[in-house]
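Spelled out, the chains give:
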Amino acid sequence: MNPVSDQVDSAGRSTSIYVIDDHPIMRDAIASVLRRLRADARISEFGSLAEVPPSMSSLAPPLAIILDLNLPDASGYSGVLHIRRLYPYTPLAVYSASPASEMEDKCIAAGADLYISKATGSQKLTAALKTLLSKSPDVALYAEGDQPLRVRSGTTANASV
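Everything numeric in this text was worked out from a predicted model, so none of it was measured. (Residues numbered from 1 in each chain as written. Predicted model: local features only at pLDDT ≥ 70, side-chain atom pairs only at ≥ 80, totals over all residues. Heavy atoms only, no water.)

Undergrad: Is there a simple way to think about the packing of aromatic side chains in this case?
TA: Given two aromatic rings, their pairing is described by the distance between the two centres and the angle made by the two planes. Applying the stated criterion across every chain yields a total of two aromatic pairs. Taking the centre distance of 5.1 Å and the plane angle of 80 degrees together, the rings of Tyr18 and Phe46 count as edge-to-face. Of this pair, Tyr18 sits in strand β1 (residues 16-20) while Phe46 sits in strand β2 (residues 42-46), and the two are 28 residues apart along the sequence. For the pair Tyr18 and Phe46, one class covers both residues: buried. Ring centres 5.8 Å apart and planes at 80 degrees place the aromatic pair Tyr18 and Tyr87 in the edge-to-face group. (Phe/Tyr/Trp six-rings, centres within 6.5 Å; stacked < 30°, edge-to-face > 60°. Helix = DSSP H or I, 4+ residues; strand = E, 2+ residues; numbered from the N terminus. Buried < 20%, exposed > 50% of the residue type's maximum accessible area, 1.4 Å probe, protein only.)

If you want it as structure tokens, here you go:
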């Protein structure tokens, strides 16, 4: 088994997605949605930041990372900063029980592309993850109340869902 070929498609693009959450049920739920969106993806699940492999030049960086804020070895937006040091260009979604009003702006400023509340319904979660995986700033999604998601130019959608 070649670790590099297991993580890239025939065009050399990454097929791995990291889900980082200390609750196995939450990891399973996110992984299930991701498998529906990207059947070809290799979903890697981690219960803490310490388990996340460092970026290595011989391995393709993940296609995307979904990160819980409150982990055994991180709290607040410190996990976002840690992931950005490891993977500065990988699309990053924060999936958290922390209210968006308290953490969204801090996470976005720290480098997250998307903030998703764990209270979000399955349709909005799926749409948000689809946006993250598309890496397209032109995707038009609308949150409750027809408020457009904010988009960070040149990267993925940047918004609270």
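Undergrad: Please explain the sheet that holds strand β4 (residues 92-96) as it appears in this structure.
TA: The pairing of strands in a sheet happens through backbone hydrogen bonds and is either parallel or antiparallel. Across the sheet, which stays open at both edges, the five strands sit in the order β2-β1-β3-β4-β5 with parallel pairing between neighbours. The outermost strands of the open sheet, each flanked by one partner alone, are β2 and β5 (114-117). The sheet shows a mean angle of 20 degrees between the axes of neighbouring strands, direction not considered. With four bridges joining them, β4 and β5 adopt parallel strand pairing. When the sheet's bridge partners are listed, Ala93 is paired in β5 with Leu114. Where helix α1 (residues 24-37) meets the sheet, it contacts β1, β2, β3 (64-67) and β4, and its direction lies at approximately 165 degrees from that of β2. Running at roughly 160 degrees to β5, helix α3 (residues 100-110) makes contact with β4 and β5 of the sheet. (Pairing = 2+ DSSP bridges. Axes fitted to C-alpha atoms, helices over the stretch in contact; angles between N-to-C directions. Contact = heavy atoms within 4.5 Å.)

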